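Chain by chain, the residues run as shown.
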Amino acid sequence: MTPRAADRARYDRATAHLDAPVAIVDLEAFDANADDLVRRAAGKPIRVASKSVRCRALLERVLARPGFAGLMSFTLAESVWLARAGFEDVLLAYPSADRASFAELTSDPKLAGAITVMVDDPAQLDLVDRARERDGLEVRVCLELDTSLHLFGGRVRVGARRSPLRSPAGLAELARSVARRPGFRLVGLMAYEGHVAGVGDAVAGSPLRSRAIRLMQAAARRELAARRAEVVRAVRAVVPDLEFVNGGGTGSVQHTAAEAAVTEIAAGSGLYVPRLFDNYTSFSGRPAALFAQPVVRRPGVGVVTVLGGGYPASGAPGVDRLPVPYLPEGLRYDPQEGAGEVQTPLLGSAADDLLIGDKVWFRHAKAGELCERFAELQLVEGDRVTATVPTYRGEGRTFL
């Protein structure tokens, strides 16, 4: 029996009493992935990206482990909810225009002390001030650095379009604006290199593309390390007591941790290890989060049909955004239908061994987005479900 076949047998036994669709997290794999992230971070604390987990029980589990400290949230409403739930250090990773949540933040000392908001434009500070319902509480602020790689004099850009701030002078100027402005305190700097952390460098069947990605990422790491160090020096000249400099992501943990200017690493997807993280040469993880769909039809030889399963991930549309049939091994989509809203045909010789009611296990393309489809996660240890915990959706929270 292959390791994957053994996992399938375990998951089937653990969930035999549950009807599919069902989602699980294998706690042994989850904890092993957490240990690997800590190893790669080489002593620097890891701030957990909540969007990649979307389950309070699992956020609490990982934050209880050595090497992890703080959360990185994705909306201000989520930040407020997490802070009210007892999480004491929440960095909002994206600017917000949520006036109601800003009003709540600026009227509650507990929230103001726990949440740090993201800023890359003075207009965002104006929005906070217009939402204030009382004076006297300082809003903790983090600035974001654009990490994209510019080539050929800026004619070619590689990386996400995030912050407009690239240069040490630009970051220092905004830092001075925050420092001079009553009601705000600059505490951090963030730089997320998604073109390194979120792009696999070993594309199956594409050796030339893989080499090109590796060359690009090596150049991007060199350029960003030098520029990030200069930016940190410039910002610290304005705010010497800056609390943190955050960088990285699951795919770049060890590289970012090696930079002296960075004080903490952000990661989250590496806990679940979705399919988009299969194509990395620098690390490997264990798939921890899966979902199962039931076989409901057997249309012919080498074909079964499962219920639903059309759960595409965000990002540029493509086959790599679809969940992948994982267990049993050897199943693939019908190219004429793909992953369907209500039914999904699957092809392959493994289909002939599946009966009506059997489970087919899938891996989502991205990490936390799986939790937007399920209200509960079944936590598996060995071949037993040892707990059932709600996702954000299961707690009635859909922040985006």
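This text gives an overview of the structure that appears in the document. (Residues numbered from 1 in each chain as written. Predicted model: local features only at pLDDT ≥ 70, side-chain atom pairs only at ≥ 80, totals over all residues. Heavy atoms only, no water.)

### Considerations on helix α4 (residues 76–84)
For α4, a buried count of seven out of nine residues is recorded, marking the element as mostly surrounded by other parts of the structure. Leu76, Glu78, Ser79, Val80, Trp81, Leu82 and Ala83 are the residues of α4 that are buried. Among the structural elements, α3 (56–63), β3 (68–73), β4 (90–92), α5 (99–105), α6 (109–114) and β5 (115–119) are those in contact with the buried residues of α4. Capping of α4 at its N-terminal end is provided by Thr75; its side-chain oxygen lies 3.0 Å from the backbone amide nitrogen of Glu78. Of the residues trailing α4, Gly86 is marked for its positive phi of about 115°. (Buried < 20%, exposed > 50% of the residue type's maximum accessible area, 1.4 Å probe, protein only. Helix = DSSP H or I, 4+ residues; strand = E, 2+ residues; numbered from the N terminus. Contact = heavy atoms within 4.5 Å. Polar contact = N/O pair within 3.5 Å; in protein donor to acceptor, adjacent residues only side chain to side chain.)

### Quick notes on the pairing of strand β17 (residues 359–363)
Most of β17 sits out of view: five of its five residues are buried. Across three bridges, strand β14 (residues 324–327) lies against β17 in antiparallel orientation. Across the sheet, residue Pro325 finds its bridge partner in β17, namely Phe362. (Pairing = 2+ DSSP bridges.)

### Thoughts on the pattern of salt bridges
For the structure on display, the rule yields 33 salt bridges. Asp129 is paired through a salt bridge with Arg132; the nearest N and O atoms lie 2.7 Å apart. Given a relative accessible area of 28%, Asp129 falls into the partly exposed group. Taken together, the shared-partner salt bridges in this structure form one network comprising Asp146, Arg157, Arg166, Glu223 and Arg227. (Salt bridge = Lys/Arg side-chain N within 4 Å of Asp/Glu carboxyl O.)

### Some remarks on α3
Within the span of α3, buried status applies to Leu58, Leu59 and Val62. The buried residues of α3 occupy an angular sector of 105° when the element is viewed end-on, so they sit on one face. (Arc of directions from axis to C-beta.)

### Quick notes on the side chain of Asp334
Following the sequence through the fold, Asp334 ends up in the loop between β15 (332–333) and β16 (343–347). Buried within the structure, Asp334 lacks any salt-bridge partner; Arg332 is the closest side chain of opposite charge, at an N-O distance of 8.2 Å. Apart from residues lying up to four places away in sequence, Asp334 is in contact with Pro345 and Leu347. (Lys, Arg positive; Asp, Glu negative; His and termini not counted.)

### Section: a nonpolar patch on the surface
Together, Leu151, Phe152 and Val156 make up a nonpolar patch on the protein surface, roughly 260 Å² of accessible area in all. Secondary-structure assignment places Phe152 in the loop between β7 (149–151) and β8 (156–158). The exposure class assigned to Phe152 is exposed, which follows from its relative accessible area of 58%. (Patch = residues over 30% accessible without salt bridge, like charges linked within 9 Å, V, L, I, M, F, W, Y side chains within 5 Å. Areas by Shrake-Rupley, 256 points an atom, 1.4 Å probe, with all protein chains shown as cover.)

### What about the pairing of strand β19 (residues 384–390)?
As paired elements, strand β18 (residues 376–381) and β19 share six bridges and run antiparallel to each other. Looking at the pairing, Val380 lines up with Val385 of β19.

### A closer look at the sheet that holds β5
With respect to topology, eight strands assemble into a closed barrel ordered β2-β3-β4-β5-β6-β9-β10-β11, the strand pairing being parallel. On average, each strand axis in the sheet is inclined to that of its neighbour by 30°, with strand direction left out of account. In terms of strand pairing, β5 meets strand β6 (residues 139–144) through four bridges, oriented parallel. Bridging across to β6, Val117 finds its partner in Val141. (Axes fitted to C-alpha atoms, helices over the stretch in contact; angles between N-to-C directions.)

### With respect to unusual backbone geometry
Cis geometry is found at the peptide bond from Ala20 to Pro21, where omega equals 5°. Looking at the secondary structure, you find Pro21 in the loop between α1 (3–14) and β1 (22–26). Residue Pro328 follows Leu327 across a cis peptide bond; omega there is 0°. By secondary structure assignment, the location of Pro328 is in the loop between β14 and β15. Its identity is not glycine, yet Val273 carries a phi of approximately 55°, on the positive side. Mapped onto the fold, Val273 is located in the loop between α12 (269–272) and β12 (289–300).

### Side note on the packing of helix α8 (residues 168–180) against helix α10 (residues 207–238)
It is at 8 Å that the axes of α8 and α10 come closest, and there the two elements cross at 25°. When the axes of α8 and α10 are compared, the pair comes out roughly parallel. α10 is crossed by α8, and the crossing has right-handed handedness. Residues Pro168, Leu171, Ala172, Ala175, Arg176 and Ala179 of α8 pack against Glu230, Val231, Ala234, Val235 and Val238 of α10. When its residues are assigned to classes, the contact of α8 with α10 shows nine nonpolar, no polar and two charged. (Parallel < 35°, antiparallel > 145°, perpendicular 65-115°, else oblique. Left-handed = near helix turned anticlockwise from the far one by under 90°. Nonpolar A, V, L, I, M, F, W, Y, C, P; charged D, E, K, R; others polar.)

### So, the packing of helix α2 (residues 27–41) against α3
Where α2 contacts α3, the two axes come as close as 11 Å, and the packing angle between them is 45°. As summarised for this structure, α2 and α3 are arranged oblique, according to the angle between their axes. Here α2 and α3 pass one another in a crossing that is right-handed. For the pair α2 and α3, contact is made by Leu27, Phe30, Asp31 and Ala34 and by Leu58, Arg61 and Val62, respectively.

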